[in-house]
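Commentary on secondary and tertiary structure
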Amino acid sequence: SIPPGVLPLRCQPPVWGRATRQPPGFPLTPCRAFSNNKIQVELDQSSGVATMKFKSPPVNSLSLDFLTEFCISLEKLENDRDCRGVIFTSAVPRIFSSGLDIMEMCGKSTEHYAEFWRAVQEMWLRLYGSNMVTVAAVNGSSPAGGCLIALTCDYRIMVENPKFSIGLNEAQLGIVAPFWFKDTFVNTVGHRVAERSLQLGSLHPAPEAHKLGLVDELVPEEKLQEKAAAVMAQWLALPDHARQLTKSMMRKAVLDRLVAHREEDIQNFISFISKESIQKSLRMYMEMLKKKKS
Amino acid sequence: SIPPGVLPLRCQPPVWGRATRQPPGFPLTPCRAFSNNKIQVELDQSSGVATMKFKSPPVNSLSLDFLTEFCISLEKLENDRDCRGVIFTSAVPRIFSSGLDIMEMCGKSTEHYAEFWRAVQEMWLRLYGSNMVTVAAVNGSSPAGGCLIALTCDYRIMVENPKFSIGLNEAQLGIVAPFWFKDTFVNTVGHRVAERSLQLGSLHPAPEAHKLGLVDELVPEEKLQEKAAAVMAQWLALPDHARQLTKSMMRKAVLDRLVAHREEDIQNFISFISKESIQKSLRMYMEMLKKKKS
Amino acid sequence: SIPPGVLPLRCQPPVWGRATRQPPGFPLTPCRAFSNNKIQVELDQSSGVATMKFKSPPVNSLSLDFLTEFCISLEKLENDRDCRGVIFTSAVPRIFSSGLDIMEMCGKSTEHYAEFWRAVQEMWLRLYGSNMVTVAAVNGSSPAGGCLIALTCDYRIMVENPKFSIGLNEAQLGIVAPFWFKDTFVNTVGHRVAERSLQLGSLHPAPEAHKLGLVDELVPEEKLQEKAAAVMAQWLALPDHARQLTKSMMRKAVLDRLVAHREEDIQNFISFISKESIQKSLRMYMEMLKKKKS
């Protein structure tokens, strides 16, 4: 139903920067079952439920390419009348998503930082404001931006393995989660838990995350997809229109805040990330990760 | 102390629409013990505690007449210096209140919808902003507007029977709770529980409602009135003035929001409820209720 | 590093009223270890952690002198590069702090009330906005303003003795906690718990306070200092800059609100406290305390 090369946007703002620069003849794969490089999408037409599987080894990091694919895929589902809900999960063992790709924030141009940050904003705006039911099936660790994706869904189910952890751990890296990460966190776990967890940059093992309300439910790994489908069916039993209006009522204030301060937020990100001290600590962090690997 | 036919209003806004149109000679029953059609009011002068018993079978639905009586009764108590607290409970077995009367929202004129919605607003404005201590003794199920009455009190005690449930289940009927229902809900259970419960239109059995913080306490049915009296005594042990100022400080932001957007909220209600799709789904719901009865 | 007689202020507003009137030659004790009349300060330079011990028997009440010392001491530590965190505790057995000194609010001049209230505001503004990690080691009861100090820290550890209680019990005295006490309370325990606790003027025994989230942790009295040091070490493991920016993001809205309404808040306090009815009830309360003592 979507003509190739045209990306219909659900609503005027937010317009996702990159999409408008897509060359007109860009061949989009057919909507019903498509897979690009980093995300695999399947739509079960009988249930109206799509699954978006993150498949960007080694750790599903949120690179500009990943975010681009994410937004295009989400947009296509959003505009597909046969799709009413999406389950997000990982095809990579033991990791849901490691969060924003540090490579995109290190040693790049101001223009690149702006483009990257706009894509992060766009991902959140589209997902937090989605009309579809969104369920995170968290089958691995989920730090920083990975945690944000989960928080931005309507419901979070996590594998009960205490080796898997989740949290906005930006402070550990010497950086600060932006205000809309914080707003999403506060809306989920309340002000006090957010204040403590964000300042400590805590990564909460699954059982603790559940206790704090960061995830709604824990299940054994082999039950995860079944449980996600059952939760989805429960949410889809409601009439879409009333559910969507209710969701919008709950989330509008926080969404509007980023829409109103979007360019300012990009400038803040650029000036923060461009600091030599921040660049240095990110480089050190990457060195550490490389040593860990080898 | 209140001359017949005059309804002294505690404060300028909110002025309750209907009251001003009350004919001057309308004979109000004496304040100390009065019963109209749908609500039975008793004031124990020694304790300063009134009880308002909902007595509108079969399900204490909040019709325009019920809301009118509710506001008049509450206003009389509010202006009675001998009354410092009110306990709300039901005289109908197994139901506290079934919420807004669907008959008032189905196949009526725009003027009627406006009058009805203004009365719903008025009930909430007066109750949420009451200077008296308000305790809900929830002795039966309490969906939608029934739940709102409970949430709007200072304290909620519910019979521990798991067959009794409570919640803002509007979404189940294809309609949306207005923003001030939502604000009251969020102030009680926090953002996350509200987001999930409102989108699913959940009716929570008493034990679950207690766990979520939707009610403060569970008691066996035979202990309910005794417990309500004990809680009331605890709250009345505080000096009225400091307690009232504190209550106002906690609730002012949310009250002010409706006062500022009252006419807009009425227009929203009218345009929403007048939609043929909504009318159709309300008619179907009423059919279902009728079949259930017979 | 701080020249005697000069009190460098970390940021322009808030300017603490009294400090500017300090005589130029006022001899400040050296920063590293100083003790005035009412508060004993020790800085462990190896860990970068200071301890502020309240030592103003019989009950560490927050007099104008106490608040003055508190602010000067905090300011000195804030400007000392060797100090990264402060632990607040009491040197008086069984009491952390009894809160605002009623003597300062009874039978004094308007000017005195203004000066006193400005000092209370200043204490809160400096502590809630502190760049240092602040840990309350609550080793005794902590009503009203004593509770506020604990709430204003980053983390609260309380001795598990159920005879020690904590809460904003202003309503019990017929007075009302100002909006920024309330904001701090809501940010800690959420709206519902705050609404109920503030209206009832509840003093919560340690175990209940822990259950409500008013304190983060309970320990046996003999483990308190050790635990406070361990918590402090955990918070100091984070890079200061990211932690400080995160803290500021979480607290800015509430801090800004007092800064914007500071003079208005002082006027409110003066007109409230000057009422004969309030003066009378404070006098009665003091009589009661005197009788209790003898």
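Keep in mind it's a predicted model, so treat the numbers as computed, not measured. (Residues numbered from 1 in each chain as written. Chains lettered and ligands numbered in written order. Predicted model: local features only at pLDDT ≥ 70, side-chain atom pairs only at ≥ 80, totals over all residues. Heavy atoms only, no water.)

1. Side note on the overall build of chain A
A count of helical and extended segments in chain A gives 10 helices and 13 strands. The buried share among the 294 residues of chain A stands at 57%. Once local pairs closer than 6 in sequence are excluded, the contacts in chain A between residues at least 24 apart make up 75%. A total of about 12,100 Å² of accessible surface is found on chain A, and carbon and sulfur atoms cover 55% of it. (Helix = DSSP H or I, 4+ residues; strand = E, 2+ residues; numbered from the N terminus. Buried < 20%, exposed > 50% of the residue type's maximum accessible area, 1.4 Å probe, protein only. Contact = heavy atoms within 4.5 Å. Areas by Shrake-Rupley, 256 points an atom, 1.4 Å probe, with all protein chains shown as cover.)

2. Concerning helix H11 (residues 276-293) of chain B
All names here are of chain B. Its 18 residues give H11 an end-to-end C-alpha distance of 26 Å, which sits within 8% of 26 Å, the value for a rise of 1.5 Å per residue. Three or more residues of H11 are buried, namely Ile278, Gln279, Leu282 and Met286. The buried residues of H11 occupy an angular sector of 100° when projected down its axis, which confines them to one face. Residues Glu276, Met284, Lys291 and Lys292 are exposed on H11 and point more than 90 degrees away from its buried face. (Expected span 1.5 Å × (residues − 1). Arc of directions from axis to C-beta.)

3. What to know about the interface of chain A and chain B
Frequently, the measure chosen for interface size is the accessible area removed from exposure when the parts meet. Listed by partner, the interface residues are 20 residues for chain A and 21 residues for chain B. Of the roughly 1,800 Å² buried where chain A meets chain B, counting both sides, 63% is carbon and sulfur surface. Looking only at chain A, the three residues that lose the most surface to chain B are Leu238, Met249 and Met250 of chain A, adding up to 34% of its buried area. Between chain A and chain B we count 3 salt bridges in total. Note that Arg251 of chain A and Glu195 of chain B form a salt bridge whose closest N and O atoms lie 2.9 Å from each other. Counting residues per element, the ones that place at least two in the side of chain A that touches chain B are strand E10 (155-159), helix H4 (179-189), helix H7 (224-236) and helix H8 (240-260) of chain A. No other element matches the 9 residues that H8 of chain A contributes to the side of chain A that touches chain B. (Buried area = accessible area lost by both parts, 1.4 Å probe. Salt bridge = Lys/Arg side-chain N within 4 Å of Asp/Glu carboxyl O.)

4. What about the packing of helix H2 (residues 110-128) of chain A against H4 of chain A?
Packed helices, taken two at a time, are described by their axes: the angle between them and the distance between them. All names here are of chain A. One way to put it is that H2 packs onto H4 with a least axis distance of 12 Å and a crossing angle of 25°. By the angle between their axes, H2 is roughly parallel relative to H4. The chirality of how H2 crosses H4 is left-handed. Residues Trp117, Val120, Gln121, Trp124 and Tyr128 of H2 pack against Trp180, Phe181, Thr184 and Asn187 of H4. Of the residues in the contact of H2 with H4, the class split is 6 nonpolar, 3 polar and no charged. (Axes fitted to C-alpha atoms, helices over the stretch in contact; angles between N-to-C directions. Parallel < 35°, antiparallel > 145°, perpendicular 65-115°, else oblique. Left-handed = near helix turned anticlockwise from the far one by under 90°. Nonpolar A, V, L, I, M, F, W, Y, C, P; charged D, E, K, R; others polar.)

5. Observations concerning the relation of the copies chain C and chain A
Think of it as a corkscrew move, a rotation about one axis and a shift along it, taking one chain copy to the other. Rotating chain C by 120° and translating it 0.0 Å along the rotation axis places it on chain A, where the RMSD comes to 0.0 Å. Viewed as a symmetry operation, the transformation between the two copies matches a three-fold axis. Using C-alpha coordinates, one finds that chain C approaches the rotation axis most closely at Gly190 of chain C, a distance of 4.2 Å. (Least-squares fit on C-alpha atoms with pLDDT ≥ 70 in both.)

6. Let's talk about the pairing of strand E5 (residues 85-90) of chain A
Residue and element names in this part refer to chain A. In terms of burial, E5 is largely enclosed, as 6 of its 6 residues are buried. In E5, alternate side chains face the same way, and those of Gly85, Ile87 and Thr89 on one face and Val86, Phe88 and Ser90 on the other are all buried. Here 6 bridges tie strand E3 (residues 49-54) to E5, and the two strands are oriented parallel to one another. Paired with Phe54 across the strands is Ser90, a residue of E5. Examined bridge by bridge, E5 and strand E8 (residues 133-138) share 4 bridges and lie parallel to one another. Bridging across to E8, Gly85 finds its partner in Val133. (Pairing = 2+ DSSP bridges.)

7. Here's the deal with the sheet that holds strand E9 (residues 140-143) of chain A
All names here are of chain A. If you walk across this open sheet you meet the 4 strands as E6-E9-E11-E12, and the pairing is mixed. Single-partner strands in this sheet number two, and they are strand E6 (94-95) and strand E12 (204-205). Relative to E12, strand E11 (residues 165-167) runs antiparallel, the two being bridged by 2 bridges. Note that in E12 the partner of Ile166 across the bridge is His204. In this fold helix H3 (residues 144-152) packs onto E9 and E11, with an angle of close to 100° to the strand it touches most, E9.

8. Notes on the interface of chain C and chain A
Taken together, the contact between chain C and chain A spans 20 residues of the former and 21 residues of the latter. Broken down residue by residue, the surface that chain C buries against chain A is led by Leu238, Met249 and Met250 of chain C, which jointly contribute 34%. Here chain C is connected to chain A by 3 salt bridges. Linking chain C with chain A are 6 residue pairs in polar contact (both at pLDDT 80 or more). Elements with a minimum of two residues in the side of chain C that touches chain A: strand E10 (155-159), helix H4 (179-189), helix H7 (224-236) and helix H8 (240-260) of chain C. Looking at the side of chain C that touches chain A residue by residue, the classes come out as 9 nonpolar, 5 polar and 6 charged. (Polar contact = N/O pair within 3.5 Å; in protein donor to acceptor, adjacent residues only side chain to side chain.)

9. Observations concerning the environment of Leu125 of chain B
Within the secondary structure, Leu125 of chain B is located in helix H3 (residues 110-128). Taking C-alpha positions, Leu125 of chain B is 22 Å from Gly213 of chain B, a pair spaced 88 residues apart along the chain.

10. Section: unusual backbone geometry
A cis amide bond, omega 10°, links Pro57 of chain A with the succeeding residue Pro58 of chain A. Looking at the secondary structure, you find Pro58 of chain A in the loop between E3 and strand E4 (61-62). Here the phi dihedral of Asn60 of chain A falls at roughly 50°; this positive angle occurs in a residue that is not glycine. Mapped onto the elements, Asn60 of chain A comes out in the loop between E3 and E4. Unusually for a residue other than glycine, Ala144 of chain C sits at a positive phi of about 45°. Position of Ala144 of chain C relative to the elements: it lies in helix H3 (residues 144-152).

11. A closer look at the packing of aromatic side chains
Residues and elements named next belong to chain A. All told, the structure shown has 39 aromatic pairs over all chains when counted by the stated rule. For the pair Phe70 and Phe88, a centre-to-centre distance of 5.7 Å together with 25° between the ring planes defines the contact as stacked. Residue Phe70 is found in helix H1 (residues 64-78), and its partner Phe88 is found in strand E5; the two are separated by 18 residues along the sequence. Note on accessibility: Phe70 and Phe88 belong to one class, buried. These aromatic residues form a ring-pair network of at least three members: Tyr113, Trp117, Trp124, Tyr128, Trp180, Phe181 and Phe269. (Phe/Tyr/Trp six-rings, centres within 6.5 Å; stacked < 30°, edge-to-face > 60°.)

12. Some thoughts on helix H8 (residues 224-236) of chain B
Residues and elements named next belong to chain B. Relative to the 18 Å expected for 13 residues at 1.5 Å per residue, H8 spans 18 Å between its end C-alpha atoms, a close match to the ideal helical length. Turning to H8, its buried residues are Leu224, Ala228, Val231, Met232, Trp235 and Leu236. Each buried residue of H8 lies within a common arc of 135° when the element is viewed along its axis, so the set occupies one face.

13. Description of the pattern of salt bridges
When charged atoms on two side chains of opposite charge get close, those side chains can pair. Enumeration according to the criterion identifies 54 salt bridges over all chains in this entry. Here Arg156 of chain C ties to Asp216 of chain C by a salt bridge, and the two come within 3.8 Å at their closest N and O atoms. Remark: Asp216 of chain C occurs in the loop between helix H6 (206-212) and strand E13 (217-219) and Arg156 of chain C occurs in strand E10; sequence separation between them is 60 residues. For the pair Arg156 of chain C and Asp216 of chain C, a shared accessibility class is recorded, and that class is buried. Here the residues in one salt-bridge network are Asp154, Arg156, Asp216, Lys247 and Arg251 of chain A together with Arg192, Glu195 and Arg196 of chain B, joined through shared partners.

14. A word on the pairing of strand E3 (residues 49-54) of chain B
Residues and elements named next belong to chain B. By the bridge criterion, 6 bridges tie strand E2 (residues 39-44) to E3 in an arrangement that is antiparallel. Counted as the bridge partner of Gln40 is Lys53 from E3. Between E2 and E3, which pair antiparallel one after the other, the connecting turn spans 4 residues, and Gly48 there sits at a positive phi close to 75°.

15. Here we look at the sheet that holds strand E9 (residues 140-143) of chain B
Residue and element names in this part refer to chain B. Within the open sheet, the 4 strands sit side by side as E6-E9-E11-E12. Their pairing is mixed. This sheet does not close on itself; its edge strands, each paired only once, are strand E6 (94-95) and strand E12 (204-205). Across the sheet, helix H4 (residues 144-152) lies against E9 and strand E11 (165-167), angled at about 100° from E9, the strand it touches most.

16. Describing the confidence of the model for chain A
Residue and element names in this part refer to chain A. Put simply, chain A has an average pLDDT of 89, and 88% of its residues get 70 or more. For residues 1-32, every residue scores under 50 in pLDDT, and the model assigns this stretch 56 contacts once sequence neighbours within four places are set aside. Taken over the whole predicted complex, pTM reads 0.89, whereas the ipTM for its chain interfaces reads 0.87. (pLDDT = per-residue confidence, 0-100.)

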